[in-house]
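# Per-entry structural report
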Amino acid sequence: MKCRRLTIIILFAALMCGSALAAQTNNPAVLDRDELFFTYAGGFASGGMTLIDRKGWIDGKEGEKKSSGWCAGGGLLADIYVRSVCGEFTWQYSYDATGDSAASFSHSIYAATAKYVYAVNPIWDLTAGGGLYFEGPPAAKEHGGAGLELVLGTILTSQKYELKFPIDIRARLGFWGQDAKSTRAGVGLFIGVTKKLGRS
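Here's a quick rundown of the structure. (Residues numbered from 1 in each chain as written. Predicted model: local features only at pLDDT ≥ 70, side-chain atom pairs only at ≥ 80, totals over all residues. Heavy atoms only, no water.)

## Side note on the overall build of the protein
- Each helix and strand in the protein was counted, giving one helix and eight strands.
- Each helix (α) and strand (β) of the protein, taken in turn from the N terminus, gives the series α-β-β-β-β-β-β-β-β.
- In the protein, which comprises 200 residues, the proportion classed as buried is 39%.
- Within the protein, counting contacts between residues at least 6 apart in sequence, those at least 24 apart form 59% of the total. (Helix = DSSP H or I, 4+ residues; strand = E, 2+ residues; numbered from the N terminus. Buried < 20%, exposed > 50% of the residue type's maximum accessible area, 1.4 Å probe, protein only. Contact = heavy atoms within 4.5 Å.)

Here it is, written out as structure tokens:
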């Protein structure tokens, strides 16, 4: 069951990312040899609300327990821009605190998203997109999970200092726990700063 859910999530994200890139590359102008890829890297902080619906063996019997709380953390990100598409990769260290002690823990979150970037003016962009996230150590296996991430936000740009400031509202929905019976959902604010590394 867990492998089946994970396969469906991966296929959905791959289809979504592929469609976004295809929309760019189907235009002959995009295939020009002078097409440039701009790379930015930096860090971010995030915080928000989380809801975990834990199912399985609880307090000596099969049951279900829902808990809500907050999550906060920070990490590293890398953005690759080509025309109006941004591919983003993030690593985050996060702590979740809920009313259920079994659902309060520290963990890493790895995410890959594709975002459409609409340029309002030279210093302000609007973005929307989605992708995948995976949870990992230092959380134990029973706290691991994966799912979909949806992103809606903006980017502020400092052309003088070659900086970008992504500010997003991010929502996550996926399975949680080693047996993949439990689910988790969350929404939060993401604020980052990146520096231009170069172009290719």
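## Some points on the sheet that holds strand β3 (residues 85–98)
- One closed barrel holds the eight strands; their spatial order is β1-β2-β3-β4-β5-β6-β7-β8, and the pairing between them is antiparallel. For this sheet, the mean angle separating the axes of adjacent strands, direction not counted, is 25°.
- Of the strand pairs in this sheet, strand β5 (residues 124–136) and strand β6 (residues 145–158) are connected by twelve bridges, and their pairing is antiparallel. Residue Trp124 lies in a different strand from β6, and its bridge partner there is Leu156. (Pairing = 2+ DSSP bridges. Axes fitted to C-alpha atoms, helices over the stretch in contact; angles between N-to-C directions.)

## Considerations on the packing of aromatic side chains
- Enumeration according to the criterion identifies four aromatic pairs in this entry.
- Aromatic pair Tyr40 and Tyr81: ring centres 5.5 Å apart, planes at 85°, arrangement edge-to-face. On the criterion of sequence distance, the pair formed by Tyr40 in strand β1 (residues 38–58) and Tyr81 in strand β2 (residues 61–82) is long-range, its members being 41 residues apart. For the residue pair Tyr40 and Tyr81, the accessibility class agrees, reading buried in each case.
- Note that Lys164 overlies the ring of Tyr81, its terminal NZ or CZ placed 5.1 Å from the centroid. (Phe/Tyr/Trp six-rings, centres within 6.5 Å; stacked < 30°, edge-to-face > 60°. Lys NZ or Arg CZ within 6 Å of the ring centre and 35° of its normal.)

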